[in-house]
Amino acid sequence: MNDQNSIDHVFTRKLTEIIQENLENENFGVIDLARETGMSRFNLNRKLHSISHKTINQFIREVRLDRAMEMLRKESLTASEVAFKVGFSSPAYFSTCFSEYFGYPPGEVKKRALISPEENGEDHSVKPDSANQESVKTETKPPERKKQVRWVVAFATFSILFFMVIIYFFNPKTFDNLNFGSNNRLKNHARSIAVLPFINDSHDPDNVYFINGVMEAILDNLSKIKDLEVRPRTSVEQYRNNVTKTIPQIARELGVNYIIEGSGQKVGDQISLYIQLIETSSDKHLLSNRYNLKLEDIFNLQSEVALKVASEIKSVITPEEKELIEKPPTTSVAAWEMYSRGLELRNIADLENNIENDRQAKDYFQRAIQLDSTYAEPYVQLGWICCSYDELDSAFFYTDKALYFDPKNSNAYSLRGWLFSQKVMKKEAEVALNLAIRFNPNCSPAYDFLADMYYNRGDSYKAIMYKLKAIKLESNSIDKRKNLVSLWDSFNNVGLYAEAQKYAEKLIALTGDSTYYYWTLLQIGYNLGNFKSVNNYAHKIYRTDSLNLGKLLSFHHSYFLGNTYMILREYKEAYRIVEKYTGSMKEQGRKVQPNHYFGYVYLQNGRIEEANFHFEGAIKYRLQLIEQNKPTEISPPNLGLAFIYAAHGEKAKALEHMRAVNRCTPFLYRCAHITGLKINPMVDCIRNEPEYKEFIKNAEVRYQEEHNKVENLLRTEGVLISSKK
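Worth saying up front: this structure is predicted, and the values here are computed from it rather than measured. (Residues numbered from 1 in each chain as written. Predicted model: local features only at pLDDT ≥ 70, side-chain atom pairs only at ≥ 80, totals over all residues. Heavy atoms only, no water.)

Q: Before we move on, could you go through helix α20 (residues 410–422) and cite the residues and values that matter?
A: Every α-helix winds through 3.6 residues per turn, so residues three or four apart in the chain are directed the same way. A rise of 1.5 Å per residue sets the reference length of α20, with its 13 residues, at 18 Å; its end C-alpha atoms lie 19 Å apart and thus fit the reference within 8%. For α20, the complete set of buried residues consists of Ser-410, Ala-412, Tyr-413, Ser-414, Leu-415, Gly-417, Trp-418, Leu-419 and Phe-420. Looking at the packing, one finds that the buried side of α20 touches α18 (376–388), α19 (392–405), α21 (426–439) and α22 (444–457). For α20, the N-terminal cap is Asn-409; the gap from its side-chain oxygen to the backbone nitrogen of Asn-411 is 3.1 Å. (Helix = DSSP H or I, 4+ residues; strand = E, 2+ residues; numbered from the N terminus. Expected span 1.5 Å × (residues − 1). Buried < 20%, exposed > 50% of the residue type's maximum accessible area, 1.4 Å probe, protein only. Contact = heavy atoms within 4.5 Å. Polar contact = N/O pair within 3.5 Å; in protein donor to acceptor, adjacent residues only side chain to side chain.)

As structure tokens, then:
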């Protein structure tokens, strides 16, 4: 190594050490690194680029990723935990960056570690390590054989391209029949678009709310067009401050054919905006307009841009959609500004679960209403804030107000539908959510809420179809993880295990977290009665993070392990795990709710007082549901009562509640129900009763009918790719 190389190596090593000292600080960036080195950003960037041909952002990110790889190999941490430890606030974005850098998702690191480099065809020793790489690499002359190979490859490539050009000129339609992977997929949705976060050109950071408000308004107007498929803000937010990804890259990740970029600023009552529409397949700018206008004209601009974009990409707009787009949201620009400030804080509060931001957002929404009492959107946001604190009656008041002033407000109908679903008013919820979709065909929350409602109702087909639509709209978004969980659960319920596993694998690719994947395999094992497999995966989930509350469907990991031991009749192990569960709940300051499975575990271990607490509480809760006529269709209250009374040896009461379940016409059995009825030890005292055997037989018939119906419908829709069961 010559002197200059040595100096450069010391310099990059020093940069690496500074970054590693600030690794968990997600906000540590270019300015901070420049300050720590005592250099200007310009000089630091110029020097680093001359040494490594990388930008400062690139260098920082690669140091983070190299450390992440090291942690994933050597420490028993999940990908999500590693993401936060190396300074990524979004596990999904971490997974994407990791995959691009190393060629595979973080969830595969441990699996690949079990295979030798020769077997999996990779050699990590050649991966550039920011801490140790040579600053300047000397290019060695390739062996003669490599030169020959390169010439052959180059000649072959040229020949193929030449051949394709000749074919094209003789028969241009030839290319229409070729499948170009992701490009072909994009052609299926020719009018799909994403509005990337606009850039604030002002030196005043306080103006961010304004530029985001303009971006949000344009996105909202485009979403009202049924002929357009529009990605929500939750999908595009991760590209804020993007400096490394190209437009075609972003388009592939979002699955869109068009992208809108924008920037601007507000100075007093003067606005300057620059907006461009890009066709992603060619990187061609279809629109590139600068607007200089007064603040009072902002609503006209928001409508004009949406209509121009739709016209440029030849999207069909109905008269009703045009009317909705051209209608100003309020008569007061000042009210819109107050609302935009509140919305900015509300979005941050959602991401960070920050009560103080919610409080400030609420204040801005109320000030917006003071300026224009007929402005619908602030009422909707106040309603959602009320929902966050279980103030459902107040939320209903606000949604009524919003719809009184704007009877075609999609966001208000979405909130109203969710509120009705919480009140178990199914028909009203369905009507409201469908109206939300009518006035905004890209309203992903409405599809999401409908899917959850149909799932709870036992209509697996509709649950799956609506969830697929929500996932499609939420491409590459944070919300997609939750929806993938619901989707594979829906497939599991009707015994379509290959599909369930497929979507669980997509979840790993998105998050790099194997916990959900293990949960899918656990469920499949349970439904098939393979309890060795169930026990294996329950232990894997438990070992992943035994103290993580609420990660899997709002349950502690040890809940599943304790329940597994109970089913396997290993009551001492079940008791040990249940005690660990209840102990950690108390340590977290969370109340342990009565659970009839826990009651049975305590009963089998002679802990009568604890058993009575769980049994009596579970009975009281289910009787209240029956009295209020609020059946939970996933698991009717009578089914739980039958299990509890059977556990106490009260055959007559147990069979009486089994009959009540049979009379519950809408109830559709799921795989887990059938397996539980067959092997759960709680029903041992009635297992050999002829009436109980007939009950199981009827349950299996109902389940099989639903399975066949859903499978046939999904196959007709082209959703199913496998016939495995």
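Q: Tell me about the pattern of salt bridges, residues and numbers included.
A: The final tally for this structure, using the stated rule, is 37 salt bridges. Asp-32 is the salt-bridge partner of Arg-35, the closest N and O atoms lying 3.1 Å from each other. Here Arg-35 pairs with Asp-32, and both are found in helix α2 (residues 30–37), just 3 residues apart, close to one helical turn. What makes Arg-35 exposed here is its relative accessible area of 54%. For the salt bridge of Arg-233 with Glu-237, the shortest nitrogen-to-oxygen distance reads 3.1 Å. Judged by relative accessible area, Arg-233 falls into the buried class, the value being 12%. One network of salt bridges, in which partners are shared, links Glu-216, Arg-233, Glu-237, Arg-240 and Glu-344. (Salt bridge = Lys/Arg side-chain N within 4 Å of Asp/Glu carboxyl O.)

Q: For helix α35 (residues 690–716), give the residues involved together with the corresponding values.
A: The end-to-end C-alpha distance of α35 is 39 Å, a good match for the 39 Å that 27 residues give at a rise of 1.5 Å each. Of all the residues in α35, the buried ones are Tyr-692, Phe-695, Ile-696, Ala-699, Arg-702, Tyr-703, Glu-706, His-707, Val-710, Glu-711 and Leu-714. Where α35 ends, the next residue or the one after it, Gly-718, has phi of about 80°, a positive value.

Q: Residue-level account of the nonpolar core, with values.
A: Ile-193, Phe-198, Leu-222, Ile-260 and Ile-298 are the most contacted members of the largest nonpolar core, which has 95 residues in total. Other than its neighbours up to four places away in sequence, Phe-198 contacts Ile-211, Asn-212, Val-214, Met-215, Ile-218, Arg-240, Ile-260, Glu-261, Gly-262, Ser-263 and Ile-275. Listed in part, the 76 residues of the second largest apolar core include Ile-567, Ala-646, Val-661 and Leu-714. (Core = buried A, V, L, I, M, F, W, Y, C linked by side-chain atoms within 4.5 Å.)

Q: Describe the confidence of the model for the chain, listing the residues and the values that go with them.
A: Confidence along the chain averages 79 in pLDDT terms, with 80% of residues attaining 70 or more. In the model, residues 116–188 has pLDDT below 50 throughout and makes 51 contacts with residues more than four positions away in sequence or in other chains. (pLDDT = per-residue confidence, 0-100.)

Q: Give a detailed account of the pairing of strand β4 (residues 258–267), specifying residues and quantitative values.
A: The side chains of a regular strand alternate between the sheet's two faces. Burial within β4 is extensive, with 7 of its 10 residues counted as buried. Bridging between strand β1 (residues 192–195) and β4 involves 3 bridges; their strand directions are parallel. Residue Val-195 lies in a different strand from β4, and its bridge partner there is Ile-260. Bridge analysis of strand β2 (residues 199–200) against β4 gives 2 bridges, and the strand direction is parallel. By the bridge assignment for β4, Asn-200 is matched with Gly-264. (Pairing = 2+ DSSP bridges.)

Q: So what about the packing of aromatic side chains? Which residues, and what values?
A: One pass over the full model with this rule turns up 21 aromatic pairs. A ring pair is formed by Phe-299 and Trp-336, whose centres lie 6.1 Å apart and whose planes are at 85°; its orientation type is edge-to-face. With Phe-299 in helix α14 (residues 298–312) and Trp-336 in helix α16 (residues 333–352), this pair connects stretches of sequence that are 37 residues apart. Judged on exposure class, the residue Phe-299 and its partner Trp-336 are both buried. In textbook terms, an aromatic cluster arises when at least three aromatic residues are bridged by ring pairs, as seen for Phe-98, Tyr-101, Phe-102 and Tyr-104. Geometry around Tyr-209 places Arg-341 over its ring, the cationic atom sitting 4.0 Å from the centre. (Phe/Tyr/Trp six-rings, centres within 6.5 Å; stacked < 30°, edge-to-face > 60°. Lys NZ or Arg CZ within 6 Å of the ring centre and 35° of its normal.)

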